[in-house]
Amino acid sequence: MVTCTKYQINKILINFFICIFIIFIPMKTSVYQISYGLLVLFFLINIIIYKKAAIFKKLVLTYKDILIAFSIIITSMVISNYLSEYANYSSWKPIFHYITRYFLLFLILLYFYKEQIISKRSIVIYIMLSLLFQAFDGIYQSIFSYDIVKHNFGSLSAGLKAATYNRNVFGFFMAIGLIVSTVLASYKLTTNIYEKFILFISFPVFLFSLFFSLSRGSWVFYMVFFILFTILNYKILSKKYFLYLFLISFSTIISFIYIDSLNIRFNALLEMNSSNRVTIWLDTIGFIKENYIFGYGIKTYHLITELKIPNIHNSILEVTFSLGIIGFTSFAYLLLLTYKEIKKSDMKIFLPVLLGFMVMTQFTHGVLEGMSTLSTFSIFAFFIFSKRINPS
């Protein structure tokens, strides 16, 4: 008879909650909230009952530079909101989420990793489960027009979104799925026949879903990653990788020439059709010139502009408009620390992802709000900074 110790039960439950949490990140449902709440609860139980406060304090001190950078960002947010005549309840919520959701998630993952309750391998498995579920849901939606989970409408001509809340978010996660698959295949990180089979089917599934999300920002995200990853890793890449490079290039060219919905979106990308983004950006720059030190507060653009548009669609302008030069400088400092950490750990994997993400956020997705994207970035930060705990 197999018996489980309290430690084993604790480990199983924590991994289960992390798995559920990651699976539901793209969907933005109550399950995401509940699973994260339970994850925080088990984190606190581990700290209090197992008397791990000293270990957690030591962990925080290991990342004191990140804590300082994060504190500067939060301070700039508070000052900008406090000084803004336009700030309201919605302006303060992102600050609360930054502390209790994104930064705390980063620390929780590091703590459980240090205590050997979770592993990077298990996190990658949970990520692939989450993304493959969305990809197959997207394929189902392309056939039946509605997805399985939320009954969202989507089509090959209008763009797929599966169980996410719009096609840009769906495209973002499909790009991540393709990135993870590319890295796993290139570094031969799959260890058995089942993992290799899953990896084999993941490429066409993610590629199809990324294409028909019709999300131009997500296309650019993967393209920037793919080009830079190939350049940085060309010495270690096998013939199979370059065969994949040929196949993905060939399938992309054929698809974008002969499929109308892809052709229209791709031509719009080539023609620099910004979907009125340039108008929004010029409008934003005008406001920034009038109040460039502290900005106007978070989520206030729609209250000030006459364009009747809620989002700026450019992370640099979003941060500068909302938090001013002080806020922009604080984010730049955190980005600098991230780059330095990447330089010490693994430039060949993390740098292409970071640069791809930065380019994408100049057209879609913000960095001040967005539960799905910011939760994803917290997990990405865990992979970058966890090497301080275990350099291997």
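Residues numbered from 1 in each chain as written. Predicted model: local features only at pLDDT ≥ 70, side-chain atom pairs only at ≥ 80, totals over all residues. Heavy atoms only, no water.

Draft legend 1. Structural view of unusual backbone geometry. Look at Lys51: it is not a glycine, yet its phi comes out positive at around 55 degrees. As for its position among the elements, Lys51 is in the loop between α2 (30–48) and α3 (53–62). The exposure class assigned to Lys51 is exposed, which follows from its relative accessible area of 73%. We note that Ser145 has phi near 75 degrees; this positive angle belongs to a residue other than glycine. (Helix = DSSP H or I, 4+ residues; strand = E, 2+ residues; numbered from the N terminus. Buried < 20%, exposed > 50% of the residue type's maximum accessible area, 1.4 Å probe, protein only.)

Draft legend 2. Layout of the layout of surface pockets. The computed volume of the largest pocket comes to approximately 1,200 Å³. Lining the largest pocket are 43 residues; nearest its centre among them are Val124, Ile127, Val180, Leu184 and Phe383. The set of elements that each furnish at least two residues to the lining of the largest pocket consists of α6 (120–144), α7 (167–186), α8 (193–211), α15 (347–360) and α16 (371–385). In terms of residue count, the dominant contributor to the lining of the largest pocket is α6 (10 residues). Its residues assigned to classes, the lining of the largest pocket shows 32 nonpolar, 6 polar and 5 charged. (1 Å grid on protein atoms, 1.4 Å probe; cavity = no way out; pocket = protein on both sides within 12 Å on 5 of 7 lines; lining within 4 Å. Points joined across faces, edges and corners; volume = space filled by probe spheres on them. Nonpolar A, V, L, I, M, F, W, Y, C, P; charged D, E, K, R; others polar.)

Draft legend 3. Representation of the nonpolar core in the model. Counting 110 residues, the largest nonpolar core has Ile18, Met77, Phe112, Ile118, Ile123 and Tyr222 as the members making the most contacts within it. Per element, the largest residue contribution to this core is 13 residues, and it comes from helix α5 (residues 89–114). Sequence-distant contacts of Ile18, that is, excluding residues within four places in its chain, are made with Leu39, Leu109, Phe112, Ile118, Ile123 and Tyr126. In this structure, Ile280, Tyr296, Leu317 and Phe321 belong to the second largest nonpolar core, which totals 10 residues. (Core = buried A, V, L, I, M, F, W, Y, C linked by side-chain atoms within 4.5 Å. Contact = heavy atoms within 4.5 Å.)

Draft legend 4. Expanded view of α7. Over its 20 residues, α7 runs 28 Å from end to end, which matches the ideal 28 Å to within 8%, given 1.5 Å per residue. Counting buried positions along α7 gives 17 out of 20 residues, so the element sits mostly inside the fold. Two to three positions downstream of the cap, the backbone nitrogen of Asn168 sits 2.9 Å from a side-chain oxygen, assigning the N-cap of α7 to Asn166. Just beyond α7, the residue with positive phi is Lys188, at close to 50 degrees. (Expected span 1.5 Å × (residues − 1). Polar contact = N/O pair within 3.5 Å; in protein donor to acceptor, adjacent residues only side chain to side chain.)

Draft legend 5. Highlighting the pattern of salt bridges. The full count for this structure, using the stated rule, is 6 salt bridges. Across the pair Asp65 and Arg388 runs a salt bridge, and its minimum N-O distance is 2.9 Å. With a gap of 323 residues between them, Asp65 in helix α4 (residues 64–83) and Arg388 in the segment after α16 connect regions that are remote in the sequence. Taking relative accessible area as the criterion, Arg388 reaches 26% and is therefore assigned partly exposed. (Salt bridge = Lys/Arg side-chain N within 4 Å of Asp/Glu carboxyl O.)

Draft legend 6. Local environment of the environment of Phe153. Within the secondary structure, Phe153 sits in the loop between α6 and α7. For Phe153, a relative accessible area of 45% gives the class partly exposed. Counting along the chain gives 93 residues from Phe153 to Phe246, while the straight-line C-alpha distance between them is 33 Å. Beyond its immediate sequence surroundings of up to four residues, Phe153 is in contact with Gln141, Ser145, Tyr146 and Lys161.

Draft legend 7. Layout of the confidence of the model for the chain. Confidence in the prediction for the chain averages 90 pLDDT; 97% of positions are at 70 or higher. When mean pLDDT is compared element by element in the chain, α4 scores highest at 96, while helix α11 (residues 260–270) scores lowest at 79. (pLDDT = per-residue confidence, 0-100.)

Draft legend 8. How the structure looks around the packing of aromatic side chains. As enumerated under the stated definition, the model contains 39 aromatic pairs in all. On the basis of an interplanar angle of 35 degrees and a centroid distance of 5.4 Å, the ring pair of Phe21 and Tyr36 is categorised as tilted. On the criterion of sequence distance, the pair formed by Phe21 in helix α1 (residues 6–24) and Tyr36 in helix α2 is long-range, its members being 15 residues apart. With a centroid separation of 5.5 Å and 55 degrees between ring planes, the pair formed by Tyr111 and Phe112 is classed as tilted. Put simply, the rings of Tyr63, Phe70, Tyr98, Tyr102, Phe103, Phe106, Phe331 and Phe385 touch in pairs and so form one group of aromatic residues. Directly above the aromatic system of Tyr165 lies the positively charged group of Lys28, at a separation of 4.5 Å from the ring centroid. (Phe/Tyr/Trp six-rings, centres within 6.5 Å; stacked < 30°, edge-to-face > 60°. Lys NZ or Arg CZ within 6 Å of the ring centre and 35° of its normal.)

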